[in-house]
Amino acid sequence: VGYFRAGQFDEVLRRYVDLRRWNIGLDSGAITFGLKSCIELGDLGFGRGIHGDALKSGFSSNGFVGSSLIGLHTRCGLIDDASKVFDEITERGITNVDPL
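These figures come from a predicted structure and were not determined experimentally. Sequence order as written defines the numbering, with residues in each chain counted from 1. In keeping with the predicted nature of the model, local features appear solely for residues at pLDDT of at least 70, side-chain atom pairs appear and are counted solely at 80 or more, and the whole-chain, interface and lining totals rest on all residues. Values shown for side chains rest on all heavy atoms present in the structure; no hydrogens or waters enter the calculation.

S.K.: Would you mind going over the overall build of the protein with me for this structure?
M.R.: Counting secondary structure elements, the protein contains six helices and zero strands. Counting from the N terminus, the helices are the DSSP runs of H or I reaching at least four residues and the strands are the DSSP runs of E reaching at least two. Listed by position from the N terminus, the elements making up the protein come as α-α-α-α-α-α. Split into buried and exposed, the 100 residues of the protein put 34% on the buried side. In the protein, the proportion of contacts linking residues at least 24 apart, taken out of those at least 6 apart, comes to 59%. Each accessible area is a Shrake-Rupley estimate made with a 1.4 Å probe; only the visible protein chains count as cover when residues are assessed. With an accessible surface of roughly 6300 Å², the protein has 53% of that area assigned to carbon and sulfur atoms. Buried means the residue's accessible area, taken with a 1.4 Å probe over protein chains only, is under 20% of the maximum for its type, while exposed means over 50%, and partly exposed covers the values in between. Contact criterion: two residues are considered in contact whenever any of their non-hydrogen atoms come within 4.5 Å of each other.

Structure below.
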């Protein structure tokens, strides 16, 4: 998160690769910020690899991961793919909203 906030998107991806290489379990945060870095860099190829990791780890249906996947596909002009990702998101709940 710190590297991302500092605008060091390449470093975020290097750390992501380190997590995979060292066989440290990926969590939704690592996947989300990896994807967000790919969006900033316009790196669809790396982002697709992270999408594969999200699918393998079961995080692709997570709202934060899904939102980042949608952003990546949209940024790269793949609107149909973004729509498919949206349809796959199962965790769409909105929290902390007062009912009317």
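From this point, the narrative continues.
S.K.: What should I look at first to understand the packing of aromatic side chains in this one?
M.R.: To describe a pair of aromatic rings, one takes the distance between the centres and the angle between the planes. What counts as a ring pair is set by centres within 6.5 Å for rings of Phe, Tyr and Trp (its six-membered ring), and what kind of pair is set by the plane angle: stacked under 30 degrees, edge-to-face over 60, tilted for all other angles. For the coordinates displayed, the defined rule picks out three aromatic pairs. With a centroid separation of 5.2 Å and an interplanar angle of 65 degrees, the aromatic rings of Phe-4 and Phe-9 are classed as edge-to-face. Note on Phe-4: relative accessible area 16%, which makes it buried. For Phe-9, a relative accessible area of 17% gives the class buried.

S.K.: Can you walk me through helix H2 (residues 9-21) in this structure?
M.R.: Every α-helix carries 3.6 residues per turn, so stepping three or four residues along brings you back to the same face. Under the 1.5 Å per step criterion, the end-to-end length of H2 is 19 Å for 13 residues, consistent within 8% with the ideal 18 Å. Taken together, the buried positions of H2 are Phe-9, Glu-11, Val-12, Leu-13, Tyr-16 and Asp-18. Residues of H2 that are buried in the fold lie against helix H1 (2-5), helix H3 (28-41) and helix H4 (44-57). Downstream of H2 by a residue or two, Asn-23 has a phi angle that is positive, lying close to 60 degrees. The length a helix should cover is 1.5 Å for every residue beyond the first.

S.K.: What should I look at first to understand H4 in this one?
M.R.: Its 14 residues give H4 an end-to-end C-alpha distance of 20 Å, which sits within 8% of 20 Å, the value for a rise of 1.5 Å per residue. Those residues of H4 that are buried lie in contact with H2, H3, helix H5 (63-75) and helix H6 (79-88). The term polar contact refers here to a pair of N or O atoms within 3.5 Å; inside protein, the definition further demands a hydrogen-donor-capable atom paired with an acceptor-capable atom, and it admits residues adjacent in sequence only when both atoms are side-chain atoms. Between the side-chain oxygen at the start of H4 and the backbone nitrogen of Gly-45 there is a gap of 3.4 Å, and the oxygen is on Asp-43. Following H4 by one or two positions, Gly-58 adopts a phi angle in the positive range, close to 85 degrees.

S.K.: Hey, could you run me through the pattern of salt bridges in this one?
M.R.: Side chains carrying opposite charge are able to pair once their charged atoms draw close together. Throughout this description, the term salt bridge denotes a Lys or Arg side-chain nitrogen within 4 Å of a carboxyl oxygen of Asp or Glu. Overall, the coordinates contain six salt bridges when judged by the stated rule. Notably, a salt bridge pairs Glu-11 with Arg-15, separated by 2.9 Å at the nearest N-O pair. Within this pair, Glu-11 and its partner Arg-15 are both found in helix H2, separated by four residues, close to a single helical turn. Classification of Glu-11 by relative accessible area gives buried; the value is 15%. Accessibility expressed as a relative area gives 37% for Arg-15, which makes it partly exposed. Residue Asp-18 pairs with Arg-21 through a salt bridge whose shortest N-O separation is 3.3 Å. Of this pair, Asp-18 and Arg-21 both sit in helix H2, separated by three residues, roughly a single helical turn. The class for Arg-21 is exposed, based on a relative accessible area of 58%. Residues joined in a network through salt bridges with shared partners are Glu-11, Arg-14, Arg-15, Asp-18 and Arg-21.

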